[in-house]
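Summary of structural features
Chain by chain, the residues:
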Amino acid sequence: LTDKAFTAHPKIDPDTGDLHAIAYHWPDFMDHVQYVHVGKDGRVRRTVNVPVKGMPMIHDMSLTANYVVIYDLPVTISFDLLGAGMRFPFGWNAEHVPRVGLLPRAGGAADVIWCEVEPCYVFHPMNAFEDAAGNVVLDVCRYERMFQRDVHGPFGDSRATLDRWTVDPRSRRVNEQRIDDRAQEFPRCNPLYNSKPYRFGYSVAVGEDGFPGINKVDLASGVIERVDLGPGRHAGEPYFVPRAGSRAEDDGYLLSFVYDAGRSAS
């Protein structure tokens, strides 16, 4: 598909079936990241090289009706770690300005709208959409710090909370709000609602020794339900499968691998 790199987390446009991705690659993309648009037929429609400083680690991305969202946050290549022989030489960089970029879907690198956020790191967003006022709403699992003291990560420096960032493309201001203080990761939503306004999201609860349960988040009421998996059991990322013929957003099934420590098997 591409000559250098792709990503673990492309986003599928539910209306077209196309894939959208932001890729970083050490050491070939030293001064940029790459937006890749792959058609439903598996052929690359276009790529856009977006200049960035310091080679940030961009694990995931978001998609809305009009924008591709780039998370340019302060985890970057560290030549100190590289010199120390680390196979994964990325670390916290307090000098790197944290920001999100809104790349118009048909735009080029010069069209990215950059908006600064508070220092943090995001591995995975739950979903993104545009509200009636034209703001871009990003629901993310937000870490206060990443790879700062614990270079192996991801939970040694902080635990992720579920936060909402409302980005105004006109003023370039970002309003950050906390949805849930409890530690969680691997967020998902009904894939038919990717890039669209939605009500329900799902995430894995993070405990002291693993991932003991799965959360259902009602973003309209604020109610969060949790299913505990039982002693010694740990969830993987939950994937929502809509029930055939369903009309309600949350009518479907959650699929996940569950590791059972008692059997040492999944």
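Structure: above.
Quick summary incoming for the structure in this document.

Here is what the cut-offs are and how they apply
- Residues numbered from 1 in each chain as written.
- Predicted model: local features only at pLDDT ≥ 70, side-chain atom pairs only at ≥ 80, totals over all residues.
- Heavy atoms only, no water.
- Helix = DSSP H or I, 4+ residues; strand = E, 2+ residues; numbered from the N terminus.
- 1 Å grid on protein atoms, 1.4 Å probe; cavity = no way out; pocket = protein on both sides within 12 Å on 5 of 7 lines; lining within 4 Å.
- Points joined across faces, edges and corners; volume = space filled by probe spheres on them.
- Nonpolar A, V, L, I, M, F, W, Y, C, P; charged D, E, K, R; others polar.

**Considerations on unusual backbone geometry**
- Residue Pro 27 is reached from Trp 26 by a cis peptide bond, and omega for that bond is 5°.
- With respect to the helices and strands, the residue Pro 27 is situated in the loop between strand 2 (19-23) and strand 3 (32-38).
- Residue Pro 154 follows Gly 153 across a cis peptide bond; omega there is -5°.
- Relative to the helices and strands, Pro 154 is located in the loop between strand 12 (136-143) and strand 13 (161-168).
- We note that Met 55 has phi near 50°; this positive angle belongs to a residue other than glycine.
- As for its placement among the helices and strands, Met 55 is situated in the loop between strand 4 (44-51) and strand 5 (62-63).
- Even without glycine at this site, Phe 186 takes up a positive phi of about 50°.
- Summarising the element assignment, Phe 186 is placed in strand 15 (residues 184-189).

**Some thoughts on the layout of surface pockets**
- There is about 320 Å³ of room inside the largest pocket.
- Around the largest pocket, the lining comprises 17 residues; the ones closest to its centre are Pro 10, Lys 11, Arg 188, Asn 194 and Tyr 239.
- Every element with two or more residues in the lining of the largest pocket is listed here: strand 1 (11-12), strand 11 (121-130) and strand 15.
- Of the residues in the lining of the largest pocket, the class split is 10 nonpolar, three polar and four charged.

**Observations concerning empty space enclosed by the protein**
- Counting across every chain of the model gives two cavities of 30 Å³ or more.
- Estimated volume of the largest cavity: approximately 60 Å³.
- Considering the residues around the largest cavity, the lining is formed by Lys 11, Ser 62, Leu 63, Pro 125, Met 126, Asn 127, Ala 128, Asn 194 and Ser 195.
- Looking at the lining of the largest cavity, the elements with two or more residues in it are strand 5 and strand 11.
- Residue classes in the lining of the largest cavity are distributed as four nonpolar, four polar and one charged.

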